[in-house]
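Descriptive structure summary
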Amino acid sequence: MDSRVAVVGAGMMGHGIALHCAITGAKVILTDKEPARLESALEWMEGDLRILQEHGLAPKQTPSPLDERISLAASVGEAAAKADFVFEAVYEDLGVKQDVFRELDKHAPPDTVLATTTSSLRVAEIAAVVSDPGRVLGAHWANPPHILPLVEVVLGPATSEEAHARLLSFLRKIGKAPVSCRDVAGYIVNRLQYAMLNEAVSLVERGLTTPEDVDEAVRHGFGIRLACKGPFEWNDLLHDADITLNVFENLYRAEGDPKFKPSALLLKQIERGKLGLSTGKGWRDYGGRTREELIEERDTVVLRAVRALQELGIIQGAKNRPDHPS
């Protein structure tokens, strides 16, 4: 791969992004306003690389990809001068990020894709200080970025399709699993996980359960399922949309909370007859595969995940039950 990547910010996210890009073949220039942090980042990357190599997730080669493909720069301008892609990973403050993007606007070539790793700020606000906001978009890497495959690609209102397509292509080449989202607060992942956390806290606050039991419920139940299939896939496989509607209506009737009120889109799905795979049509297109085929595939994956988690002692199983004979 001949892509040149600049990473601005050598903290927890920045050093992981730089490491992953280097391992997968890109030439990386890392910069930070604090020289000491750059030195610390190199130490972190060396440690992370050893762990990845121990687990077979990075090649054991000499010289190291850190020596071959990562260099340090004293300034944003120096780092971005010849970059194809820039990933900004500085402190989560709008003013700080805008200052970085002003520098990028001055020094990065006109065709460089400029990506912010913000998890909570609007891409439009960051792009407002750039002369061509069409080349600015979000790239929210799941933490730790050198391990987890997800990157949320966030399109600002002015983001060009060319910049979007180029970033998606690059991320896929380096082994990431990008998903796209419009510029809404929290994007996909934070909106989902904080909605779950808020409900978990509410259940504990009301004295209905404990933090320990909530964690066990997630760990032993839908946490495993959602690692194998997403919520729309599970809904298509497990329930018809009208059954889902019944559950929402029962929750809404019992709680009176608007968050349980069935969405208009769910009602439209039912009107259109897209109830789930039992009727042949659901939320997603499965390319003609039958429900039986998909359930068999699901069960195979879930069984393997359960077995691996049991062997690691993460979830309960016959081998680690206290009453299991040794």
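1. With respect to helix α14 (residues 291-311)
Spanning 21 residues, α14 covers 30 Å between terminal C-alpha atoms, matching the ideal 30 Å at 1.5 Å per step. Each element contacted by the buried residues of α14 is listed here: α10 (222-228) and α11 (231-238). Just downstream of α14 lies G313, where phi reads positive at about 80 degrees.

2. Focus: the side chain of T117
In this fold, T117 is placed in the loop between β5 (113-116) and α6 (123-127). When sequence neighbours within four positions are dropped, the list of residues in contact with T117 reads I17, E88, A89, A139, H140 and W141.

3. Examining a nonpolar patch on the surface
On the surface, V179, I188 and L192 cluster together into a nonpolar patch covering about 230 Å² of accessible area. As for its position among the elements, V179 is in strand β8 (residues 177-182). Residue V179 is classed as partly exposed on the basis of its relative accessible area of 31%.

4. Some points on the pairing of strand β2 (residues 27-31)
In this sheet, β2 lies alongside strand β1 (residues 4-8) in parallel orientation, the contact comprising 5 bridges. Paired with V5 across the strands is V28, a residue of β2. The parallel pair β1 and β2, bridged by helix α1 (residues 12-23), forms a crossover whose chirality is right-handed. The pairing of β2 with strand β3 (residues 70-73) spans 4 bridges and is parallel. Directly across from V28, in β3, lies its bridge partner I70.

5. A look at the pattern of salt bridges
Tallied over the entire structure, the rule returns 19 salt bridges. In this structure, the salt-bridge partner of R102 is D99, at a minimum N-O distance of 2.9 Å. Taken together, the residues R102 and D99, both in helix α5 (residues 94-107) and 3 residues apart, mark about one turn of the helix. Residue classification places R102 among the partly exposed positions, given a relative accessible area of 37%. A salt bridge links K106 to E103, with the nearest nitrogen and oxygen atoms 3.5 Å apart. Pair noted here: K106 and E103 are both in helix α5, with a separation of 3 residues, about one helical turn.

Analysis parameters
Residues numbered from 1 in each chain as written. Predicted model: local features only at pLDDT ≥ 70, side-chain atom pairs only at ≥ 80, totals over all residues. Heavy atoms only, no water. Helix = DSSP H or I, 4+ residues; strand = E, 2+ residues; numbered from the N terminus. Expected span 1.5 Å × (residues − 1). Contact = heavy atoms within 4.5 Å. Patch = residues over 30% accessible without salt bridge, like charges linked within 9 Å, V, L, I, M, F, W, Y side chains within 5 Å. Areas by Shrake-Rupley, 256 points an atom, 1.4 Å probe, with all protein chains shown as cover. Salt bridge = Lys/Arg side-chain N within 4 Å of Asp/Glu carboxyl O. Buried < 20%, exposed > 50% of the residue type's maximum accessible area, 1.4 Å probe, protein only. Pairing = 2+ DSSP bridges. Right-handed = clockwise from strand over helix to strand, strands pointing away.

Interpretation note: all reported values are geometric properties and have no functional meaning in isolation.
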